[in-house]
Structures are given as structure tokens and as C-alpha cells.
Amino acid sequence: MDLLKRFLNYVAYDTQSNSESKTFPSTEKQWVLLKDLLLELKGMGIDASIDEYGYVIGRIPSNINKDIPSLALIAHVDTSPDASGKHVKPRIVEKYDGSSIVLNKEKNIVLDPKKFPNLKDKIGHDLVVTDGTTLLGADDKLGVAQIMTIAEEIQTKKDFKHGEIVIVFTPDEEVGTGTDHIDINKVNADFGFTLDGSKVGEIAFENFNAATAKIRLNGQSVHPGSAKNKLINALDIANEFYGLLPKALKPELTEDYEGFNHLVSQSGTVEHTNMVMIIRNHDRDLFEEQKEKFQLITQFINDKYGYQACECQITDSYFNMKEVLKDHQDKIDMAISAIKSNGLEPIIEPIRGGTDGARLSFMGLPCPNLGTGGYNFHGPYEYASVKEMYQALKIVKTIIEKMVN
Ligand SMILES: [Zn+2]
């Protein structure tokens, strides 16, 4: 089946995940697409299975007489909880002319190139857009559709030479738990790509190191009428703590490779105040220094007040996949050359967040991320370029070819 047709078929499935859920996958409805993908793979004659958590794994054996690394292609089936994924009604805008696109006349929802400059280089492209009431689901059904299209081509074109290809579809990426139950031994591949990026030609192999700090401030409450020299207000200590952190390291003041500390929540009383902060940096040493600073401030406050006025617990969440991928530069270079040989300039930018690929890399499956041709993810302004989705498909095919030669 054609890539575009396949993509339009998958976006019709409502696969929204839910961060509040206690089940895995987080929503029942993800099973529907996961099971249909399993049937589709089997229908192509591919050895495929689904496990109790919903992970679909398909394995296409090598058809060459050479020992080359096996390649995993990975995409997630769920869509973001940030916007509805129910009754997605995709529409194709043919040969985009650079003007504003009215997504929904009634509700006056417009896709405006002034607000979304990524539209500026899409003139002449056919674009798949929403009706303004749901997200599109290009994140990541474009990745799913591209992997399925390649799988079908491999199965039908016997002259398509390739090493072992492992297909992996995962649930719950959007709620941050997409790799929680994956059996990496069952995936059993040497190297992989997540097809979960935006612009075609993107290749991402660096992400943040990430930690969460839970800070508890303990005050000493006394009736304010007789508080002189006795009362210690936990709310004040919280402000003191925050004030001692570097002022420049805030998300709103940083970009590119600059790390930050971000106050996510703060609540409390005179007696006890709790703060949650997240710590991010691409550079591992700077990341460790940021965490150290939290401990130094804790120590300073406790020394100053003479009791345990501050408790700080820091937990690492994930690390920069570059730490793993630096030993696989040859495969990154191969992907970069595949992008170039398709006439595109590689876009190499550090991810200011984490990816499932980062977690998989640390599980032993080195896994950079590739662009798919979708934009403005997680909301009704999401769209996909038809030209770019085919270019992205071609890049993955070129990677497979380059691995053989
Ligand atoms: Zn995604």
C-alpha cells in the first residue's frame, strides 16, 4: 500500500495515551491499532508477535550472504494527551501556495505561516492538515506508516537486499513510559532508529541528561504574635533556596546546549514546604555540577539554621544518548550520508528533552532519531508534508542499502 494512504488509514485510529492511567498500555484503544499492525505484518508474511504490554515486534531475516549488523526501526502508536485524537478528519491541501490555511471556518481556526514559520519552505508541497478540532497524529503515525511501507517493499521486492530488520511498535511514548516494559533481548538488534522526528533530514543523537529534585523545607511554626526570634517560616526558606540557584539557568533564558533548573511546583505552609525542580543539561559534567549545587545549598541552609531545615533528594531520570552513541559514530555517519545522497542537508540539533531512543540506547540498543516530515506536533495545527514523508521514507531505504554495501 502507498505510504500516504497507509498514513491516512492509521490517523483514523484514536490512540491517545493517558498519563493518569495505572494500566499499561495506558489506554485500551491503543491495543486496537497495535493488534491491527500485528495482523498487517503477519499478512505480509513477517514473523511478528505482540506481548502482554502491547509491544509489537516483527523480524525480517537478512537476504544477503554477509554478516552485517541488524537494524531496528521503531515508532510509537500513541498520540499526545494534549489534544484530542478522536475522529481525526485529515484533509489534503494541494500545492500549498504560502498563504494562511483555514482549518475550520466555523471556529475560525487558521494555520498561519506568520505563527508557524516552518510553513515557509513548504510552498508547492501537498500538505495533510486537520479540521482544527483534533491533532493529526503524524507524531508518530508517519513513523509507523513509513516502517510498514518499507516492510511491505522488502517482502514484495525480492531484489531489495537487506540485513536483518527488526520492526518495533511501542505504546505510551507520549506519557514518558514507552520503554518501561520493553524486552530489549527480544528486540535483539545491534542498532536502531526511532522514526519520530519532525523535518525530513533531521537526525538527532544528543538529548538532555535529566534529573528531578524533590526539596522539602522544614520550618518552626510559632504563633506570629509571639514569634520574635523563634519562628522559622518554611515558605521563606523555599524562597531562599530558589534565590541561591544560578539566576541564568532557567528554561526561559536558555536554548541550544544551555542547561537549566526549572521549578515545576511549590506548595506549602509555615511548617513544611515542598518544591519539585527538574535539572537538565546536555553536558554530563555540567549536569553533575548543577546537581552538586543543590546539595551545597542544602548544606548551607542546614548549617545556617542549625537543624535539618532542608532535605533534598535528587533522582536521575535519563541521560544523554550521545554517551552511548559516541561509540557508534560510523552508523551516524552512514545515516548522515544517506540524508545527503537524497539531496538534503542533514539537520543536526540537540534535543532539549528526552526520547525513547535515549532510554533504548542505555538499554543497549543505540538509537538516534530521524525526521519524518510532520510538524507542530501535539495540537490541531499539526500537519505533514507529503513530499517530505516520501523523502524520509527514501532516506531509511538508503540507510538499509548502505548497510549492505
Ligand atoms: Zn513522537
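Provided above is the structure to which this section pertains.
Residues numbered from 1 in each chain as written. Predicted model: local features only at pLDDT ≥ 70, side-chain atom pairs only at ≥ 80, totals over all residues. Heavy atoms only, no water.

Novice: Help me out: how do you make sense of the overall build of the chain in this one?
Specialist: Along its length, the chain carries ten helices and 17 strands. Across its three principal directions, the C-alpha atoms of the chain cover 85 × 55 × 40 Å. Considering the chain as a whole, with its 405 residues, one finds that 54% of them fall into the buried category. When the accessible surface of the chain is totalled, it reaches about 18,300 Å², and 50% of it is carbon and sulfur. With 45 positive and 59 negative side-chain charges, the chain shows a spacing of 3 Å between the two charge centroids. (Helix = DSSP H or I, 4+ residues; strand = E, 2+ residues; numbered from the N terminus. Buried < 20%, exposed > 50% of the residue type's maximum accessible area, 1.4 Å probe, protein only. Areas by Shrake-Rupley, 256 points an atom, 1.4 Å probe, with all protein chains shown as cover. Lys, Arg positive; Asp, Glu negative; His and termini not counted. Charge placed at Lys NZ, Arg CZ, Asp CG, Glu CD.)

Novice: Honestly, the coordination of the zinc ion in this entry has me stumped. Any pointers?
Specialist: Each donor-metal-donor angle in an ideal tetrahedron of four donors is 109.5 degrees, and each such angle in an ideal octahedron of six donors is either 90 or 180 degrees. The zinc ion binds to the protein through His76 (NE2), Asp139 (OD), Asp196 (OD) and Asp196 (OD); the donor distances cover 1.9 to 2.7 Å. Note that the zinc ion binds four donor atoms; their angles at the metal cover 52 to 147 degrees, and the shape is irregular. Asp139 sits in the buried class, given a relative accessible area of 7%. (Donors = N, O, S within 2.8 Å, 3.2 Å for Na, K, Ca; no water. Tetrahedral: all angles 85-135°; square planar, octahedral: opposite > 155°, others 65-115°.)

Novice: Explanation requested: the sheet that holds strand 1 (residues 47–50) in the structure shown.
Specialist: Working definition: the strands of a sheet are paired by backbone hydrogen bonds and lie parallel or antiparallel to each other. Here seven strands make up an open sheet; going across it, the order is 1-2-8-3-9-15-10 and the pairing mixed. Edge strands, defined here as strands with exactly one partner in the open sheet, are strand 1 and strand 10 (203–204). As judged from the two bridges shared by strand 10 and strand 15 (residues 369–371), these two strands associate in the antiparallel manner. Its bridge partner lying in strand 15, Ala204 is registered against Asn369. (Pairing = 2+ DSSP bridges.)

Novice: When you look at the pairing of strand 5 (residues 101–104) in this model, what are you seeing that I'm missing?
Specialist: Along a regular strand, successive side chains alternate from one face of the sheet to the other. Two strands pair when backbone bridges link them, and strand 5 and strand 6 (residues 109–111) are joined in this way by three bridges, in the antiparallel orientation. Paired with Asn104 across the strands is Ile109, a residue of strand 6. Linkage of strand 5 to strand 6, two consecutive antiparallel strands, is achieved through a turn of four residues, within which Asn108 is found at a positive phi near 55 degrees.

Novice: Would you mind going over the layout of surface pockets with me for this structure?
Specialist: If you add up the space inside the largest pocket, you get close to 770 Å³. Together, 36 residues line the largest pocket, and Asp196, Ile351, Gly354, Thr355 and Asn369 are the ones closest to its centre. For the lining of the largest pocket, the secondary structure elements donating two or more residues are strand 3 (71–76), helix 3 (138–156), strand 9 (191–197), strand 10, strand 14 (310–318) and helix 9 (356–363). Partitioned by chemical class, the residues of the lining of the largest pocket number ten nonpolar, 15 polar and eleven charged. (1 Å grid on protein atoms, 1.4 Å probe; cavity = no way out; pocket = protein on both sides within 12 Å on 5 of 7 lines; lining within 4 Å. Points joined across faces, edges and corners; volume = space filled by probe spheres on them. Nonpolar A, V, L, I, M, F, W, Y, C, P; charged D, E, K, R; others polar.)

Novice: Whenever I open this one, helix 9 confuses me. Can you help?
Specialist: Residues that lie three or four places apart on an α-helix share one face, since the helix turns once every 3.6 residues. For helix 9, the full list of buried residues reads Asp356, Gly357, Ala358, Leu360 and Ser361. As for helix 9, its buried residues are in contact with strand 3, strand 8 (165–170), helix 4 (184–187), strand 9 and helix 7 (322–325). After helix 9 finishes, the residue Gly364 shows a positive phi value of roughly 115 degrees. (Contact = heavy atoms within 4.5 Å.)

Novice: Just to check I follow, could you spell out the sheet that holds strand 11 (residues 209–218) for this structure?
Specialist: In space, the four strands of this open sheet follow the order 12-13-11-14, with antiparallel pairing throughout. Of all the strands in the sheet, just strand 12 (260–268) and strand 14 have a single pairing partner and so form its edges. Averaged over all neighbouring strand pairs, the angle between strand axes comes to 15 degrees, with direction disregarded. Sheet topology note: the strand 11/strand 14 ladder contains eight bridges and is antiparallel. Note that in strand 14 the partner of Leu217 across the bridge is Cys310. Sheet strands in contact with helix 5 (residues 234–244) are strand 11, strand 12, strand 13 (272–281) and strand 14, and its direction is about 15 degrees off that of strand 13. (Axes fitted to C-alpha atoms, helices over the stretch in contact; angles between N-to-C directions.)

Novice: Before we go on, may I ask you to explain empty space enclosed by the protein in this structure?
Specialist: Empty space among the atoms becomes visible once a probe the size of a water molecule is rolled across them. In this structure the tally under the stated criterion is one cavity of 30 Å³ or more. In this model, the largest cavity occupies a volume close to 50 Å³. In terms of lining residues, the largest cavity is bounded by Gly201, Glu202, Ile339, Leu370, Gly371, Ala392, Ile395 and Val396. Of all the secondary structure elements, the ones that give two or more residues to the lining of the largest cavity are strand 15 and helix 10 (386–404). Sort the elements by how many residues they give to the lining of the largest cavity and helix 10 lands first, with three residues. Of the residues in the lining of the largest cavity, the class split is five nonpolar, two polar and one charged.

Novice: Can you help me understand the packing of helix 1 (residues 3–11) against helix 10 in this one?
Specialist: The axes of two packed helices give the description: the angle between them and the distance between them. Their axes nearest at 10 Å, the elements helix 1 and helix 10 cross at an angle of 110 degrees. With respect to helix 10, the axis of helix 1 lies roughly perpendicular. Every residue of helix 10 that contacts helix 1 at Leu3, Leu4 and Phe7 is listed here: Val386, Met389, Tyr390 and Leu393. (Parallel < 35°, antiparallel > 145°, perpendicular 65-115°, else oblique.)

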